[in-house]
Amino acid sequence: MKRPSYATDKALKTFIKNALEEDIQDGDHSTLSTIPKDLVQSAKLLVKQDCILAGVELAEIIFKTFDKNLQIERLIKDGETTKSGDIAFIVTGNARSILSTERLVLNCMQRMSGIATLTHEWDSRLVGTKTKLLDTRKTTPNFRVCEKWAVAIGGGTNHRYGLYDMIMLKDNHIDYNGSITNAVNMAKDYIKKNKKKLKIEVETRNLDEVQEAINAKVDRIMLDNMDVKTMKQAVKMVNGKCETEASGGIIREQLKEIATTGVTFISAGALTHSAENIDLSLKAIK
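Cut-offs used in this document
- Residues numbered from 1 in each chain as written.
- Predicted model: local features only at pLDDT ≥ 70, side-chain atom pairs only at ≥ 80, totals over all residues.
- Heavy atoms only, no water.
- Helix = DSSP H or I, 4+ residues; strand = E, 2+ residues; numbered from the N terminus.
- Contact = heavy atoms within 4.5 Å.
- Areas by Shrake-Rupley, 256 points an atom, 1.4 Å probe, with all protein chains shown as cover.
- Lys, Arg positive; Asp, Glu negative; His and termini not counted.
- Charge placed at Lys NZ, Arg CZ, Asp CG, Glu CD.
- Pairing = 2+ DSSP bridges.
- Axes fitted to C-alpha atoms, helices over the stretch in contact; angles between N-to-C directions.
- UniProt positions renumbered as here; feature names shortened; annotations may be inferred.
- Buried < 20%, exposed > 50% of the residue type's maximum accessible area, 1.4 Å probe, protein only.
- Arc of directions from axis to C-beta.
- Phe/Tyr/Trp six-rings, centres within 6.5 Å; stacked < 30°, edge-to-face > 60°.

K.L.:
Please clarify how the overall build of the protein should be interpreted in this entry.
P.N.:
A tally of regular secondary structure across the protein gives 11 helices and 12 strands. C-alpha extents for the protein along the principal axes are approximately 70 × 40 × 25 Å. Restricting to contacts in the protein with at least 6 residues of sequence separation, those with at least 24 account for 69%. Split by element, the accessible area of the protein, about 15000 Å² in all, is 48% carbon and sulfur. Taking the average location of the 43 positive side-chain charges in the protein and that of its 38 negative ones, the two points are 5 Å from each other.

Pasting the structure below:
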């Protein structure tokens, strides 16, 4: 799949630089002390657990950032279903470079594959409906680019990337401001004054707030922690005037039922904060 727009070369290089600095500091002394400088070797990425694989492209970028002469033979692509025992890729080149980047590659791929696998499981429950599955900003600091990329690989849809690419007026914004109407009017004035092209989403907690958001003419209304019956009423009230998003404590068993309400999106922080790492290993080829 095509790399998402937010996973820019600059963003990935910054992430990789900081991650390697965190791990290596003044040297990988285990490797420097035991591996000859010019030794050339190969290693294979072994999948040890059934999953949707994610992070193969990132792994190649990590290897190449550290040592441009490393060669990667991709055997499995991001987003493909893999079985325990499969080999995802083979990396060949300077043995020191392979060993010094091994843990960063594994940390990223194990986490990303876990998120992609969970996202795929959740998204499969929405097959046959028009509702799309969204992630949230409940991500690991400084690792968001990889986690959201993994959601996309798993078949989910990325919500806003950060605080800068959409206006989302949540309960605290509204409570501090006094009302949905006041908050939306101020947001629209801000957009106009600063010549921004930003959509406005409003979080609502009951049907009265839904009606107020409809009257305020926003782009999307979040239906927060509402039961299915209330969501159905809300979607009927909206009647296609804007997008709707179910959110708040969503669990996978509810997905199909929530989709029957007609909501445009279902957002779930669990995709990134509750995914379990997939067991992967980088093994020397003897």
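K.L.:
Mind showing me how you'd approach the sheet that holds strand 1 (residues 40-47) here?
P.N.:
Hydrogen bonds along the backbone pair up the strands of a sheet, which may run parallel or antiparallel. Ordered in space as 3-5-1-12, the four strands form an open sheet in which the pairing is antiparallel. Each end of this open sheet is capped by a strand with a single partner; those strands are strand 3 (71-74) and strand 12 (280-284). Adjacent strand axes in the sheet meet at a mean angle of 20°, parallel and antiparallel pairs treated alike. Where strand 1 meets strand 12, five bridges bridge the pair, whose relative direction is antiparallel. Looking at the pairing, alanine 43 lines up with alanine 284 of strand 12. Strand contacts of helix 4 (residues 95-124): strand 1, strand 5 (87-94) and strand 12, with the helix running at about 155° to strand 5, the strand carrying the most contacts.

K.L.:
Where do I start with the UniProt feature "domain: Quinolinate phosphoribosyl transferase N-terminal" (unreviewed entry) in the protein in this structure?
P.N.:
Sites flagged by UniProt as "domain: Quinolinate phosphoribosyl transferase N-terminal" (unreviewed entry) map to residues 28-113. For residues 28-113, the helix share is 42%, the strand share is 28%, and the end-to-end C-alpha distance is 26 Å.

K.L.:
What is the right way to look at the sheet that holds strand 6 (residues 132-134) in this model?
P.N.:
One open sheet holds the six strands; their spatial order is 6-11-10-9-8-7, and the pairing between them is parallel. A single partner strand is all that each edge strand has here, and the edge strands are strand 6 and strand 7 (167-169). Across this sheet, the average inter-strand angle for adjacent strands is 25°, counted without regard to direction. With three bridges connecting them, strand 7 and strand 8 (residues 200-204) associate as parallel partners. Its bridge partner being in strand 8, methionine 168 is matched across the sheet by glutamate 201. Contacting strand 9 (220-224) and strand 10 (243-247), helix 9 (residues 228-238) runs over the sheet at an angle of about 165° to strand 9.

K.L.:
Got a minute to help me understand helix 8 (residues 207-216) in this structure?
P.N.:
Since there are 3.6 residues in each turn of an α-helix, residues three or four apart along the chain are aligned in direction. Every buried residue belonging to helix 8 is among Glu209, Val210, Ala213, Ile214 and Ala216, and all of these are buried. Seen from one end, helix 8 has its buried residues packed into an arc of 160°, which puts them on one side. Residues of helix 8 that are exposed and point over 90 degrees away from its buried face: Asp208 and Asn215. Residues of helix 8 that are buried make contact with helix 7 (180-194), strand 8, strand 9 and helix 9. Positive backbone phi, at 60°, marks lysine 217, one or two positions downstream of helix 8.

K.L.:
Which parts of the structure should I look at to understand the packing of aromatic side chains?
P.N.:
Describing an aromatic ring pair means giving the distance of the ring centres and the angle of the ring planes. By the definition in use, this model includes three aromatic pairs. For the ring pair tyrosine 6 and tyrosine 161, a centre distance of 4.8 Å and an interplane angle of 25° mean the geometry is stacked. In this pair, tyrosine 6 is assigned in the segment before helix 1 (9-24) and tyrosine 161 in the loop between helix 5 (144-153) and strand 7, connecting sequence segments 155 residues apart. This pair shows no difference in class: tyrosine 6 is buried, exactly as tyrosine 161 is. Taken together, a centroid distance of 5.5 Å and an interplanar angle of 50° make the contact between phenylalanine 15 and phenylalanine 143 tilted. Separated by 128 residues along the polypeptide, phenylalanine 15 in helix 1 and phenylalanine 143 in the loop between strand 6 and helix 5 bring together distant segments of the chain. Considered together, phenylalanine 15 and phenylalanine 143 belong to a single accessibility category, that of buried residues.

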